[in-house]
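For reference, the chains in residue letters:
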Protein chains: 2
Amino acid sequence: MKKIKYELLKNEKNTKARLGLIHTNYGTVETPMFMPVGTQATVKTLSPEEIKDMNCGVILSNTYHLWLRPGEDIVMKAGGLHKFMNYDGPILTDSGGFQVFSLAKNKKKDITEEGVHFKSHLDGSKLLLTPEKSIEIQNKLDSDIAMSFDECPPASADYNYLKNSVERTLRWAKRGKDVFNNPNQSLFGIVQGGAYKDLRKFSAIETVKMDFDGYSIGGVANDGESKEDMYKAIDYSIPYLPEDKPRYLMGVGEPIDIIEGVIRGIDMFDCVLPTRLARHGNIFTRKGRINIRNLKFKEDFEPIDGTCDCYTCKHYTKAYLRHLIVANESFGARLLSIHNIRFLVKLTEDLRQAIKDDNLIEYKEQFIREYENK
Amino acid sequence: MKKIKYELLKNEKNTKARLGLIHTNYGTVETPMFMPVGTQATVKTLSPEEIKDMNCGVILSNTYHLWLRPGEDIVMKAGGLHKFMNYDGPILTDSGGFQVFSLAKNKKKDITEEGVHFKSHLDGSKLLLTPEKSIEIQNKLDSDIAMSFDECPPASADYNYLKNSVERTLRWAKRGKDVFNNPNQSLFGIVQGGAYKDLRKFSAIETVKMDFDGYSIGGVANDGESKEDMYKAIDYSIPYLPEDKPRYLMGVGEPIDIIEGVIRGIDMFDCVLPTRLARHGNIFTRKGRINIRNLKFKEDFEPIDGTCDCYTCKHYTKAYLRHLIVANESFGARLLSIHNIRFLVKLTEDLRQAIKDDNLIEYKEQFIREYENK
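Residues numbered from 1 in each chain as written. Chains lettered and ligands numbered in written order. Predicted model: local features only at pLDDT ≥ 70, side-chain atom pairs only at ≥ 80, totals over all residues.

A.B. asks: Before we move on, can you summarise the overall build of chain A with the specific residues and values?
C.D. replies: If you tally the helices and strands in chain A, you get 15 helices and 16 strands. In terms of C-alpha radius of gyration, chain A reaches 20 Å, essentially the compact-globule figure of 21 Å for 374 residues. For chain A, contacts bridging at least 24 residues in sequence account for 67% of all contacts bridging at least 6. (Helix = DSSP H or I, 4+ residues; strand = E, 2+ residues; numbered from the N terminus. Rg over C-alpha atoms; globule rule 2.2 N^0.38 Å. Contact = placed C-beta atoms within 7 Å.)

In structure tokens, the structure reads:
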């Protein structure tokens, strides 16, 4: 019956990376961490037991999707999202903002001071999502961590657009915080401002003034942002974020981006990448991504990675995984999802060890050498 | 390194039902039993561990599908089907005949004495499946039980067609048996003959003369056969089958049909029904079938059946299952498949107990009363 608490254990010697713990009502989790995405109250194809076996700290679920289906009142009546989906680990919900901007039917939307008018991607019905509504839905979903409703401007937005957008996002954050009403839930603020130093600084300082339970860095996972823009977004925001609160880089799941984020002081990451890649037969390995559909795996009776400790690598060959994916069997997506999520979770375990050992830069260089086959 | 052995434990007092064991290279299983179908070397959506948790005795895999994809040589090189799919319980493969007759592209096929010419349902390529080829494929797949290649005549076939078909199926059975070459595998013969007493008798007697390791009753699971025809097919065949070999009714999975089959002396059943129904949201319950999409389950926070011991009923509500199926999440098909398969396996457990207790008729009457809501 309390909010989360971030505990800083150690700063790495040569970078801004930090080792920490987040204490939640559903257990204590270690940071830096990667959070798999369970869009519709299920991490696609996987059971809660499988997610726990992978040592996932937190899972993410999408407010927009649950609002549309089954509806937040159903989830509330079920006893909240944990009970509804039978998951007794910590859950984070996003604000729905990103989906409204990216999924709305025909992507037509009308952004006003009140909120965003758009059409449902399911049935085209007219909807309005406001900061208050997003918080009300999340309060009912009863996740452990809720996110403020922010505008997600396109990567192509110019300075003036972004300046106005940052100011509106601050007003929206305030409005959401004012109506927030769930004593068991924590609320994060979101820093926006593109790749502009002054806008990120302004957004960070003003958001922190509102005193949230944690801070996200947004606007880095649209289509179109370069890696340089992402690093700028982090570097321009982090100095203004408090040491005693967790920092969350939204929508980032490429292994090298996670490493670069951790080095810059990020504690939490989420991305649909491991499960989405899995459904298309793409697999993370220490030597880069492979696609299991490739003919060369047809008679490959070795696991994806003999040193990987995941259920898939312990029991199945590449030849079998290839067969399942080619034959469009969902057990294939399930097995590859297990491997891909475990790959990213294991990466964060390694990163935590590197922080303890103060050798994060060496770890990064070694990882990239192997991952990019150099 | 041996063939299966059927051990008859008990005949029920008031019916032809029998309690037995089948000893296999992968353990001993109890009969009567229900076998879930893993068409493409995977019981759709499920892991081997989940199948074992449901107390399934044997699983079935499809020769036709594995022949086309990934190819029997790949499976052989993997070390056989058990190793390929990571399943260490007994596996039965069908002959491919039923699929050739039902799945072939446009269902155009040319049945000759040699075998069946048809086009692949995957890419339209011209193929020929013969009795020898079917056995050769199954020998390579290295299942525990292989099936003879038979003709599956349509339900509408007349007496003369069926008579010729039965005779050809006998010649095909002989040809298959002659080339059979796997000391770890057993081979079943198949009794055909529609609903004609003399044809079933002739087919059974002549098939048994060839001395197979078990006997199937085929031609009861096409579209179009009535329940009466199915009962006739069983009743006209069973008297001529030996007591010391298992009897398998192919393609039957309706709960009441399983009960009626057991009463008539059947030991083994298989059907895609539990997994296929699951993918469409249909669920077996003791009070008949329900469809979880029904609006009345939207806020139903009870399990499908509070007395069911399956993973799904122990952990999930109908409201959540409905959400998953409506949202097209494969975890929904997985959870419903677990329940539906466990439902049929539990039914066979109950039937075995009823045979022990010599009260099978009472069990049947009670079951039907409840299942048909009378």
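A.B. asks: Before we move on, can you summarise the interface of chain B and chain A with the specific residues and values?
C.D. replies: Between chain B and chain A, the contact holds 29 residues from the first and 29 residues from the second. Within the residue set of the side of chain B that touches chain A, elements represented by two or more residues are helix 3 (72-77), helix 4 (81-85), helix 13 (318-326) and helix 14 (330-356) of chain B. Take the side of chain B that touches chain A: its biggest share by element is five residues, from helix 13 of chain B. Its residues placed into classes, the side of chain B that touches chain A shows 15 nonpolar, eight polar and six charged. (Nonpolar A, V, L, I, M, F, W, Y, C, P; charged D, E, K, R; others polar.)

A.B. asks: Tell me about the relation of the copies chain B and chain A, and please be specific about residues and values.
C.D. replies: Between chain B and chain A, which share one sequence, the superposing operator has a rotation angle of 180° and an axial displacement of 0.0 Å; the RMSD is 0.0 Å. One copy is carried onto the other by what is essentially a two-fold rotation axis. Considering only C-alpha atoms, the residue of chain B closest to the rotation axis is Ser330 of chain B, which sits at 3.6 Å. Comparing interface residues between copies, 100% of those in chain B also lie at the interface in chain A; the contact surface is shared. (Least-squares fit on C-alpha atoms with pLDDT ≥ 70 in both.)

A.B. asks: Go over the sheet that holds strand 7 (residues 109-111) of chain A with me, naming the residues and quoting the values.
C.D. replies: All names here are of chain A. Taken in spatial order, the three strands line up as 7-8-9 in an open sheet, and their pairing is antiparallel. Edge positions in the sheet fall to strand 7 and strand 9 (126-129), since each has one partner strand and no second. Pairwise comparison of adjacent strand axes, ignoring direction, gives a mean angle of 20° for this sheet. Where strand 8 (residues 116-119) lies against strand 9, four bridges are found, and the strand directions are antiparallel. Counterpart to Lys119 in the pairing with strand 9 is Lys126. (Pairing = 2+ DSSP bridges. Axes fitted to C-alpha atoms, helices over the stretch in contact; angles between N-to-C directions.)

A.B. asks: Tell me about unusual backbone geometry, residues and numbers included.
C.D. replies: Residue and element names in this part refer to chain A. For the peptide bond that leads from Thr31 to Pro32, omega is 0°, which places it in the cis range. Position of Pro32 among the secondary structure elements: in the loop between strand 3 (27-31) and strand 4 (33-36). In this model, Asp142 sits at a positive phi of 65°, which is unusual for a non-glycine residue. The topology assignment puts Asp142 in the loop between helix 6 (131-141) and strand 10 (145-147). Looking at Asp142, the number of C-beta atoms within 10 Å reads 23, which means it is buried. Phi at Asp211 is positive, roughly 60°, even though this residue is not glycine. Within the secondary structure layout, Asp211 lies in the loop between helix 8 (197-209) and strand 12 (214-217). (Buried ≥ 20, exposed ≤ 12 C-beta atoms within 10 Å, placed from the backbone.)

A.B. asks: For helix 9 (residues 227-237) of chain B, give the residues involved together with the corresponding values.
C.D. replies: All buried positions along helix 9 of chain B are accounted for by Met230, Ala233, Ile234, Tyr236 and Ser237 of chain B. Close packing links the buried residues of helix 9 of chain B with strand 11 (186-191), helix 8 (197-209), strand 12 (214-217), strand 13 (247-249) and helix 10 (255-263) of chain B.

A.B. asks: So what's going on with the sheet that holds strand 7 (residues 109-111) of chain B? Residues and values would help.
C.D. replies: All names here are of chain B. Taken together, three strands build an open sheet; the order of strands is 7-8-9 and the sheet is antiparallel. The open sheet has two free edges, formed respectively by strand 7 and strand 9 (126-129), since each of these has just one partner strand. With strand direction ignored, the average angle separating the axes of adjacent strands in the sheet is 20°.

A.B. asks: So what's going on with helix 14 (residues 330-356) of chain A? Residues and values would help.
C.D. replies: Residue and element names in this part refer to chain A. Look at helix 14: 39 Å from first C-alpha to last across 27 residues, which is about the 39 Å you get at 1.5 Å a residue. Of all 27 residues that make up helix 14, 22 are buried, and the element is covered over most of its length. A positive backbone phi angle near 55° is found at Asp358, which sits one or two residues after helix 14. (Expected span 1.5 Å × (residues − 1).)

A.B. asks: Give me the lowdown on the pairing of strand 12 of chain B, citing residues and values where you can.
C.D. replies: The two faces of a sheet get side chains in turn, since along a regular strand they alternate between them. Residue and element names in this part refer to chain B. What you see with strand 12 is no split at all: Gly214 and Ser216 on one side and Tyr215 and Ile217 on the other are buried throughout. With helix 8 bridging strand 11 and its parallel neighbour strand 12, the resulting β-α-β unit is right-handed. Bridging between strand 12 and strand 13 involves three bridges; their strand directions are parallel. Considered in strand 13, the bridge of Tyr215 is made with Arg247. (Right-handed = clockwise from strand over helix to strand, strands pointing away.)

A.B. asks: Describe the confidence of the model for chain A, and please don't skip the residues or the numbers.
C.D. replies: For chain A, per-residue confidence averages 96 on the pLDDT scale, and 99% of positions sit at 70 or higher. Quick note on the complex model: pTM equals 0.97, ipTM equals 0.97. (pLDDT = per-residue confidence, 0-100.)

A.B. asks: Outline the environment of Gly89 of chain B, listing residues and values.
C.D. replies: All names here are of chain B. Looking at where Gly89 falls in the secondary structure, it is placed in the loop between helix 4 and strand 6 (91-93). For Gly89, a count of 17 C-beta atoms within 10 Å translates into the label partly exposed. Separated by 31 residues in the primary sequence, Gly89 and Val58 have C-alpha atoms spaced 6.6 Å apart. Leaving out residues up to four positions away in the same chain, Gly89 has contacts with Tyr26, Gly27, Lys52, Val58 and Ile59.

A.B. asks: Tell me what's going on with the pairing of strand 4 of chain A, and back it up with residues and numbers.
C.D. replies: Residue and element names in this part refer to chain A. Of the two faces of strand 4, the one lined by Met33 and Met35 and the one lined by Phe34 and Pro36 are each fully buried. Across four bridges, strand 4 lies against strand 14 (residues 268-271) in parallel orientation. Within strand 14, the position partnered with Phe34 by the bridge is Phe269.

A.B. asks: Describe the environment of Leu335 of chain B, listing the residues and the values that go with them.
C.D. replies: Residue and element names in this part refer to chain B. Tracing the sequence through the fold places Leu335 in helix 14. On the basis of neighbour count, Leu335 is assigned to the buried category, with 29 C-beta atoms found within 10 Å. The spacing of Leu335 and Ala278 is 57 residues in sequence and 8.1 Å in space, taken between C-alpha atoms. When near neighbours in sequence (up to four residues on either side) are disregarded, Leu335 contacts Thr312, Tyr316, Leu321 and Leu324.

A.B. asks: For the packing of helix 13 (residues 318-326) of chain A against helix 14 of chain A, give the residues involved together with the corresponding values.
C.D. replies: All names here are of chain A. In contact at an axis separation of 7 Å, helix 13 and helix 14 are set at 130° when each is read in the N-to-C sense. Relative to helix 14, helix 13 is oriented oblique. The handedness of the crossing between helix 13 and helix 14 is left-handed. Of the residues in helix 14, those touching helix 13 at Leu321, Leu324 and Ile325 are Phe331, Gly332, Leu335 and Leu336. (Parallel < 35°, antiparallel > 145°, perpendicular 65-115°, else oblique. Left-handed = near helix turned anticlockwise from the far one by under 90°.)

A.B. asks: Break down the environment of Gly57 of chain A for me, citing the residues and quoting the values.
C.D. replies: Residue and element names in this part refer to chain A. Along the chain, Gly57 falls in the loop between helix 1 (48-53) and strand 5 (59-61). For the pair formed by Gly57 and Asp123, sequence separation is 66 residues and the distance between their alpha carbons is 34 Å. Once residues lying within four places of it in the same chain are set aside, the contact partners of Gly57 are Val29, Glu30, Met33, Met35 and Pro90.

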